[in-house]
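Here is how the chains run, residue by residue.
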Amino acid sequence: MQKRKLGQGLEVSALSLGCMGYGKARDIPDRSEMIDLLREAVDLGMDFFDTAEVYGPWTNEEMVGEAFSGMRDKVRIATKFGWDIDQVTGEHRGGVNSRPAQIRSAVEGSLKRLGTDYIDLLYQHRVDPEVPMEDVAGTVKDLIAQGKVRYFGMSEANAQSIRRAHAVQPVAALQSEYSLWTREPEAGIIPTIEELGIGLVPFSPLGKGFLTGKIDVNTEFSENDFRNQIPRFAPDAREANQALVALICTVGERYGATPAQVALAWLMGQKPWIVPLFGTRKSERLQENIGALSVTLSQNDLDQLTIGSAAIRVEGTRYPEAMLRLSGL
């Protein structure tokens, strides 16, 4: 497995597996199968895995901890704090909470659930406008000094917040949505983190499945599928956005690569410190995505995708408006 370096010397596998889809609810009916998939990822050379206290809350971290029991030295675990979760009951009260006491309590809970005495990469899940970034970063700095955390990360933060935090405790990685149909980070975020030496871990690199080419206007999502709420997945938007998939397929045909592999390869071709974070519940998709590491796009093909996708108007926002406001996006 190829390796890449994020900020502050954090070296991880060139692709990361997100565990959110393995159980955001309190009940995980296929828990054993998802544990097997996580262990298969390790067998295939991946070592960088992403979870959060809010997934469940708590049940996802517990599952990840069980999956990696006895192999802690083989994996780099990233988890997150920042939502307002009752640290006794696990109730997600809505909104954000990055008060220092909340951070410390969340980390203690995460350590217990993950069955470890340290967290490799601790992200602030969303910026809390009520808590100065200096206080957040200072709290994480203390946790690093105590050996409970090794690296500090941020998620969906703007350039100003990143700079303020980084001045107190150097940030190793930023996690934000970035893909061929979500290009906003290129305007201000990517230049900022490049200047500061911070790595990027783009989530939804496959556009929540759309860039795989397996979703069209006739696709029916299950009743509880979050994509039902996303404007970008409305039928009219899906139909309009097929132009982007067609572009990806055109390039993929030259390499005998799937659209998913091309979308991942494009991201990795942007910067050497970008580590795409994908999610899947199927072994065949896991292996397909890892196959992206064998696809090295030429500069001409990278340019075709970059310029061509910029010329395609992507219909629909990436989240419902209410969720964008709650996250401060």
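Owing to the predicted nature of the structure, the values given are computational and were not obtained by experimental measurement.

So, how was this worked out
- Residues numbered from 1 in each chain as written.
- Predicted model: local features only at pLDDT ≥ 70, side-chain atom pairs only at ≥ 80, totals over all residues.
- Heavy atoms only, no water.
- Helix = DSSP H or I, 4+ residues; strand = E, 2+ residues; numbered from the N terminus.
- Buried < 20%, exposed > 50% of the residue type's maximum accessible area, 1.4 Å probe, protein only.
- Contact = heavy atoms within 4.5 Å.
- Areas by Shrake-Rupley, 256 points an atom, 1.4 Å probe, with all protein chains shown as cover.
- Lys, Arg positive; Asp, Glu negative; His and termini not counted.
- Charge placed at Lys NZ, Arg CZ, Asp CG, Glu CD.
- 1 Å grid on protein atoms, 1.4 Å probe; cavity = no way out; pocket = protein on both sides within 12 Å on 5 of 7 lines; lining within 4 Å.
- Points joined across faces, edges and corners; volume = space filled by probe spheres on them.
- Nonpolar A, V, L, I, M, F, W, Y, C, P; charged D, E, K, R; others polar.
- Pairing = 2+ DSSP bridges.
- Right-handed = clockwise from strand over helix to strand, strands pointing away.
- Core = buried A, V, L, I, M, F, W, Y, C linked by side-chain atoms within 4.5 Å.
- Salt bridge = Lys/Arg side-chain N within 4 Å of Asp/Glu carboxyl O.

A. Representation of the overall build of the protein chain in the model. Helix and strand counts for the protein chain come out as 11 helices and 12 strands. Dimensions of the protein chain along its principal axes, counting C-alpha atoms only, are 50 × 40 × 40 Å. When each of the 329 residues of the protein chain is scored for burial, the buried share is 56%. Summarising the internal contacts of the protein chain: among those between residues at least 6 apart in sequence, 76% fall at separations of at least 24. On the protein chain, roughly 13,800 Å² of surface is accessible, and the fraction owed to carbon and sulfur atoms is 48%. Here the protein chain contributes 36 positive and 44 negative side-chain charges, whose respective centroids are spaced 3 Å apart.

B. Fine view of empty space enclosed by the protein. The tally for this structure, following the rule as stated, stands at 1 cavity of 30 Å³ or more. For the largest cavity, the calculated volume is near 30 Å³. Around the largest cavity, the lining residues are Glu177, Trp181, Lys208, Ile230, Arg232, Phe233 and Arg318. The class makeup of the residues in the lining of the largest cavity is 3 nonpolar, no polar and 4 charged.

C. How the structure looks around the pairing of strand 11 (residues 199-203). A large share of strand 11 lies buried, amounting to 5 of its 5 residues. Residues Gly199, Val201 and Phe203 line one face of strand 11 and the alternating positions Leu200 and Pro202 line the opposite face, and both faces are buried. In the sheet, strand 10 (residues 171-177) pairs with strand 11 via 5 bridges, with the strands oriented parallel. When the sheet's bridge partners are listed, Glu177 is paired in strand 11 with Phe203. Regarding topology, helix 6 (residues 189-196) serves as the crossover connection from strand 10 to the parallel strand 11, and that connection is right-handed.

D. View of the nonpolar core. In this structure, Phe49 and Phe68 are the most contacted members of the largest nonpolar core, which totals 84 residues. Top contributing element to this core by residue count: helix 8 (residues 259-270), with 8 residues. Apart from residues lying up to four places away in sequence, Phe49 is in contact with Ser16, Leu17, Cys19, Leu38, Ala41, Val42, Phe68, Val75, Arg76, Ile77 and Ala78. Within the second largest apolar cluster, 14 residues are counted, among which are Ala78, Leu121, Ala172 and Ala173.

E. How the structure looks around the pairing of strand 9 (residues 149-155). Among the 7 residues of strand 9, 5 are classified as buried, and the element is accordingly described as predominantly covered. Alignment of strand 8 (residues 119-124) against strand 9, held across 5 bridges, turns out to be parallel. From the neighbouring strand, Tyr123 faces strand 9, where its bridge partner is Gly153. A crossover connection joins strand 8 to the parallel strand 9 through helix 4 (residues 133-145); in handedness this β-α-β unit is right-handed. When strand 9 meets strand 10, the two strands line up parallel, connected through 4 bridges. Within the sheet, the bridge partner assigned to Met154 lies in strand 10 and is Leu174. Read from strand 9 through helix 5 (residues 159-168) to strand 10, the crossover connection turns out right-handed.

F. Highlighting the pattern of salt bridges. Taken as a whole and assessed by the stated rule, the structure comprises 20 salt bridges. Between Asp84 and Arg93 there is a salt bridge, with the nearest N and O atoms lying 2.9 Å from each other. Each member of the salt-bridge network shares a partner with another, and the members are Glu156, Glu177, Lys208 and Arg318.

Note that all results are geometric; they support no functional claim without further evidence.
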